[in-house]
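Given next are the chains, with one letter for each unit.
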Amino acid sequence: FNPSIGTTMIGVVNESFPSHVGLLVHELFNAMVSAEALKERGFHFDADLNEWSRDGDETGPIAEDDCMHFTVDKLHECNGLISLEGKSPIIVDSLI
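Residues numbered from 1 in each chain as written. Predicted model: local features only at pLDDT ≥ 70, side-chain atom pairs only at ≥ 80, totals over all residues. Heavy atoms only, no water.

> Talk me through the sheet that holds strand S7 (residues 81-92); I want residue IDs and the actual numbers.
In spatial order, the strands read S1-S2-S3-S7-S6; together these five strands close into a barrel with mixed pairing. Geometrically, the sheet is characterised by an average inter-axis angle of 50 degrees between neighbouring strands, direction not taken into account. (Pairing = 2+ DSSP bridges. Helix = DSSP H or I, 4+ residues; strand = E, 2+ residues; numbered from the N terminus. Axes fitted to C-alpha atoms, helices over the stretch in contact; angles between N-to-C directions.)

Written as structure tokens, this is what we have:
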């Protein structure tokens, strides 16, 4: 596993907050897409429902276990663990 800035990856949504959506890549590496990056793609956070969604999007809100394409924007390493920050999120049907 050797991601670099600009690499397109797929992660599985494992948490959703007003500040970001958390993802798991290859069932091991943490990634996140910030609220700013989500908003740039037309998503908005509904605080009453505690979920990210897009107006007119028939796929519904971003939910746990959804698959999301993203482009690696930043890499972090701490004590040998890698985490990623992504941009340009797109919900997809599967990990393939």
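> Break down the packing of aromatic side chains for me, with residues and values.
One pass over the full model with this rule turns up two aromatic pairs. Ring centres of Phe-1 and Phe-29 lie 4.0 Å apart, and the angle between their planes is 10 degrees; this geometry places the pair in the stacked category. Within this pair, whereas Phe-1 is found in the segment before strand S1 (8-16), its partner Phe-29 is found in strand S3 (residues 29-34), the two being separated by 28 residues in sequence. Judged by relative accessible area, which is 43%, Phe-1 ranks as partly exposed. Residue placement shows Arg-54 over the ring face of Phe-43; its charged tip is 4.6 Å from the ring centre. (Phe/Tyr/Trp six-rings, centres within 6.5 Å; stacked < 30°, edge-to-face > 60°. Buried < 20%, exposed > 50% of the residue type's maximum accessible area, 1.4 Å probe, protein only. Lys NZ or Arg CZ within 6 Å of the ring centre and 35° of its normal.)

> Before we move on, can you summarise the confidence of the model for the protein chain with the specific residues and values?
Close reading of the predicted structure is inappropriate where its pLDDT is low. Residues of the protein chain with pLDDT of at least 70 account for 98%, and the chain-wide mean is 93. Within the protein chain, strand S5 (residues 51-54) has the poorest average pLDDT of any element, 92, and strand S2 (residues 20-25) the best, 98. (pLDDT = per-residue confidence, 0-100.)

> Tell me about unusual backbone geometry, residues and numbers included.
Unlike most non-glycine residues, Asn-50 shows phi in positive territory, near 55 degrees. With respect to the secondary-structure elements, Asn-50 resides in the loop between strand S4 (43-46) and S5. The exposure class assigned to Asn-50 is partly exposed, which follows from its relative accessible area of 45%. For Asn-79, which is not a glycine, the phi torsion comes out positive at approximately 55 degrees. Mapped onto the elements of the fold, Asn-79 is located in the loop between strand S6 (67-78) and S7. On the basis of relative accessibility, which here comes to 75%, the residue Asn-79 falls in the exposed class.

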